[in-house]
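# Results of the structural survey
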Protein chains: 2
Amino acid sequence: MSSQPEHPALLIPGPIEFDDAVLQSMSHYSESHVGAPFVKAFGETLSMLRQLFQTTNPTSQPFVISGSGTLGWDQVAANLSEPGDEVLVLHTGYFADSFADCFETYGAKATQLRAPIGDRPQLDEVEKALTEKEYKILTVTHVDTSTGVLSEIQALSELVHRVSPNTLVVVDGVCSVGSEEIRFDDWGLDVVLTASQKGIGVPAGLSILMASGRAIERFKARKTRPTSYFASWKNWLPIMQNYEAKKPSYFATPSPQLIHALHTSLTQILSKPLDERFAAHRAASQKIKKAVADLGLKQLAMKPENQANGMTAIYLPDGITPPEVLPNLLKKGVVFAGGLHKEIATKYIRFGHMGVSVVDPNRGDIEKAIDALKNGLGEVGYNP
Amino acid sequence: MSSQPEHPALLIPGPIEFDDAVLQSMSHYSESHVGAPFVKAFGETLSMLRQLFQTTNPTSQPFVISGSGTLGWDQVAANLSEPGDEVLVLHTGYFADSFADCFETYGAKATQLRAPIGDRPQLDEVEKALTEKEYKILTVTHVDTSTGVLSEIQALSELVHRVSPNTLVVVDGVCSVGSEEIRFDDWGLDVVLTASQKGIGVPAGLSILMASGRAIERFKARKTRPTSYFASWKNWLPIMQNYEAKKPSYFATPSPQLIHALHTSLTQILSKPLDERFAAHRAASQKIKKAVADLGLKQLAMKPENQANGMTAIYLPDGITPPEVLPNLLKKGVVFAGGLHKEIATKYIRFGHMGVSVVDPNRGDIEKAIDALKNGLGEVGYNP
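Just so we're clear, the structure is a prediction, and the values are computed from it rather than from any experiment. (Residues numbered from 1 in each chain as written. Chains lettered and ligands numbered in written order. Predicted model: local features only at pLDDT ≥ 70, side-chain atom pairs only at ≥ 80, totals over all residues. Heavy atoms only, no water.)

## What to know about the packing of helix H5 (residues 123-132) of chain B against helix H6 (residues 153-163) of chain B
All names here are of chain B. The N-to-C vectors of H5 and H6 enclose an angle of 30°; their axes lie 10 Å apart at closest approach. Classified by the angle their axes make, H5 and H6 are roughly parallel. Where H5 crosses over H6, the two elements pack in a sense that is right-handed. On the side of H5, the interface is formed by Leu123, Val126, Glu127, Leu130 and Thr131, while H6 contributes Ala155, Leu156, Leu159, Val160, Arg162 and Val163. (Axes fitted to C-alpha atoms, helices over the stretch in contact; angles between N-to-C directions. Helix = DSSP H or I, 4+ residues; strand = E, 2+ residues; numbered from the N terminus. Parallel < 35°, antiparallel > 145°, perpendicular 65-115°, else oblique. Left-handed = near helix turned anticlockwise from the far one by under 90°. Contact = heavy atoms within 4.5 Å.)

Structure, rendered in structure tokens:
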């Protein structure tokens, strides 16, 4: 039995439902941010992130900073690009537009490579773009929360290393870390950035990022100083290294409660092989996608290989809008999200299936959601 | 009886001890950041901040963003200064150096007006500085956490308005909001920035800021775009206005748990007249400062009018260092902080007395700390 009061199951693509022990860690009594018990917990948390991202290279560097996932973009743009630098942003939805806007804020030139809604840029298009111009950075949204489109990180990274070996490979993993396979070292990634409230299963409030040794070297070789203070690795790098070495250190006060919750969640996640976790997400996703197809509904992500395993963006039947169906689902105890992609926001809904709702089948969240979707659509007159 | 497990009383100048109900709000079940219940809680929280800062001017604008107190500096530097702008930073300790560094990061020119350790720049010195150069912004640390020096905000703001009326008055209230009197409207302030984990009594993780209508107008009239993405009011202003109007809105995912804890704490704080709260902090501070004097010890802040009411920085007796005395205090169930001001860090300790430890006398935290200090120093050979 959960120790949480009864509440609708939150099945949006983040924040997700949280495990009891994780939520209890949020109410940890107050501790000094430079006292031995917290320094130990923070240090262990940073080390566990190496395992989650599957990196054993000692030059890789984890960062955990109070903020939202968006702060990860600032970390990349402020530390790894310099004014005038060319950046290639692969576009699979809303979040590429915003990441590009972030780069422009810091004076970099962002070129977007767009795909039709529900698709992703093809490898040959990426190859063509990389040969036409020297890009300092390529960014890819692993799963775009607005469309549920999954990018092919491994093949993409191999392509970049082959065609444009000086280009840093930056993955926006906000909606993928913890629910999609990511092999930081094996795939030759330079940055994977994420947030706490999705696949990692911790309340929002932390920007979590892994940088490669190559990215750190690139940062150290900058000609200009980073143009953000709060996001500056100049300020944070020694702090992260000290905490992981179990030495107290101060730049800005971290949040002991959020770090304890992250420690608890990572301990749970790493207590089983990561491959099992990813397989569980794939299996739940297949079940949901079959149910969606059986209902005669289409996904935004048009091909099986483009479809995320931690969320599903579903076109509503013609004439039915999110404000008609979402309150219906809420009455059945399930919260889905509306559309987010500007051009088609009123035509679809989003179903998030990450974390405890997937790996703890006793909760029954997924079955409840599928039933609610079926009956909820029936009640507004849709019968496939 | 507290529902928290037994633990040493955290009496550092932030994070402070937290009330049970505040900590319980940290483990609120997961909610959508754009769902009606959370939007209502966030909106109410923003409105309550107006009361805490004592502003009824509808053009004042509260901001609550995931991050640490440091992010407040970025908000000011990125949104209110433009490259080349002159800024006057009043120096009363460590935090002025850092705020100045933050301005330089964003291309502004920061001039520091320094006082000897334990003192603050005098009004006639500030007046002289303001007449010598046209400053866009003046910043003052209300209470410098490294020294416990209190600045005189009201008189300072009156001076700025008289001598240099176009200069924005920016108050770093990280270690003062909730424990020192602040009258935003009456004193003509343009920005007061703070964090959650000190006088407001909420776990770390939120940057909290109040801007005047004049500051917002100055922001809107900028010639260049803000050079931070995550700290940009261009991104946050519509979000804060929408949440306060109880309309869902999205730029980056807020932390429902931290916002709920802030809602709980502000509800508690505002349930009594603010003047009573400030008087309680002054009374506790007087008691502590008398005990320190009775022990034959000196404070860093050298004059009564310079001494903060929410913390006390205490010179140790000659020959005794923080690493000798702090573990002794911990054994007695009290956590104090070491020194932070670079030049004298090994010569003093810091005692934080804010929030529930002060306004809930049943806890007995203050008496316990005074006894621990007395006995702890005795055990290392100090007898006044």
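Anyway, onward from the coordinates.
## Topic: the packing of aromatic side chains
Taken as a whole, this structure holds 32 aromatic pairs over all chains when the rule is applied. Ring geometry for A:Trp73 versus A:Phe99: centroids 5.3 Å apart, planes at 15°, classification stacked. Here the residue A:Trp73 occupies a position in helix H3 (residues 70-80), and A:Phe99 occupies one in helix H4 (residues 94-105), the gap between them amounting to 26 residues. For the pair A:Trp73 and A:Phe99, a shared accessibility class is recorded, and that class is buried. Through a chain of ring-to-ring contacts, three or more aromatic side chains come together here, namely A:Trp73, A:Tyr94, A:Phe95, A:Phe99, A:Phe103, B:Tyr229, B:Phe230, B:Trp236, B:Tyr250 and B:Phe251. (Phe/Tyr/Trp six-rings, centres within 6.5 Å; stacked < 30°, edge-to-face > 60°. Buried < 20%, exposed > 50% of the residue type's maximum accessible area, 1.4 Å probe, protein only.)

## Quick notes on the relation of the copies chain A and chain B
The operation relating chain A to chain B is a screw motion whose rotation component is 180°, with 0.0 Å of axial translation and a residual RMSD of 0.0 Å. As the rotation angle and translation indicate, the two copies are arranged about a two-fold axis. Residue A:Gly67 of chain A places its C-alpha closer to the rotation axis than any other residue of that unit, at 2.1 Å. Interface residue correspondence from chain A to chain B reaches 100%, placing this contact among same-surface, isologous pairings. (Least-squares fit on C-alpha atoms with pLDDT ≥ 70 in both.)

## Some details on the UniProt feature "modified residue: N6-(pyridoxal phosphate)lysine" (unreviewed entry) in chain A
Residue and element names in this part refer to chain A. UniProt records the feature "modified residue: N6-(pyridoxal phosphate)lysine" (unreviewed entry) at Lys198, using the numbering of this structure. With respect to the helices and strands, Lys198 occurs in the loop between strand S9 (191-195) and strand S10 (206-211). Residue contacts for Lys198: discarding those within four places in its chain leaves Pro13, Gly14, Ile16, Thr145, Val174, Cys175 and Met354. Reaching out from Lys198, the side chain makes a polar contact with the side chain of Thr145 at a distance of 3.3 Å. (UniProt positions renumbered as here; feature names shortened; annotations may be inferred. Polar contact = N/O pair within 3.5 Å; in protein donor to acceptor, adjacent residues only side chain to side chain.)

## Digging into the pairing of strand S11 (residues 311-315) of chain B
Residue and element names in this part refer to chain B. Counting buried residues in S11 gives four out of five residues, a clear majority hidden from the surface. Direction of pairing for S11 relative to strand S14 (residues 348-352): antiparallel, over a ladder of five bridges. Bridged to Thr312 within S14 is Phe351. (Pairing = 2+ DSSP bridges.)

## Observations concerning the UniProt feature "domain: Aminotransferase class V" (unreviewed entry) in chain A
The sites that UniProt annotates as "domain: Aminotransferase class V" (unreviewed entry) are residues 27-341 of chain A. Taken end to end, residues 27-341 of chain A is 40% helix and 17% strand, and its two terminal C-alpha atoms sit 36 Å from one another.

## Thoughts on the sheet that holds strand S14 (residues 348-352) of chain A
Residues and elements named next belong to chain A. Taken in spatial order, the three strands of this open sheet run S11-S14-S13, and their pairing is antiparallel. Of all strands in the sheet, those with a lone pairing partner are strand S11 (311-315) and strand S13 (337-338), marking the two edges. Against the sheet, helix H11 (residues 322-331) engages S13 and S14, with an angle of about 30° to S14.

## A few points about H5(B)
All names here are of chain B. What H5 keeps buried is the set Val126, Ala129 and Leu130. Looking down the long axis of H5, one finds its buried residues gathered within 95° of arc, a one-sided arrangement. With respect to the buried face of H5, the exposed residues turned more than 90 degrees away are Asp124, Lys128, Thr131 and Glu132. (Arc of directions from axis to C-beta.)

## Some points on empty space enclosed by the protein
Following the criterion strictly, the structure yields eight cavities of 30 Å³ or more and no others. Reported here for the largest cavity is a volume of approximately 140 Å³. A per-class count over the lining of the largest cavity returns seven nonpolar, seven polar and three charged. (1 Å grid on protein atoms, 1.4 Å probe; cavity = no way out; pocket = protein on both sides within 12 Å on 5 of 7 lines; lining within 4 Å. Points joined across faces, edges and corners; volume = space filled by probe spheres on them. Nonpolar A, V, L, I, M, F, W, Y, C, P; charged D, E, K, R; others polar.)

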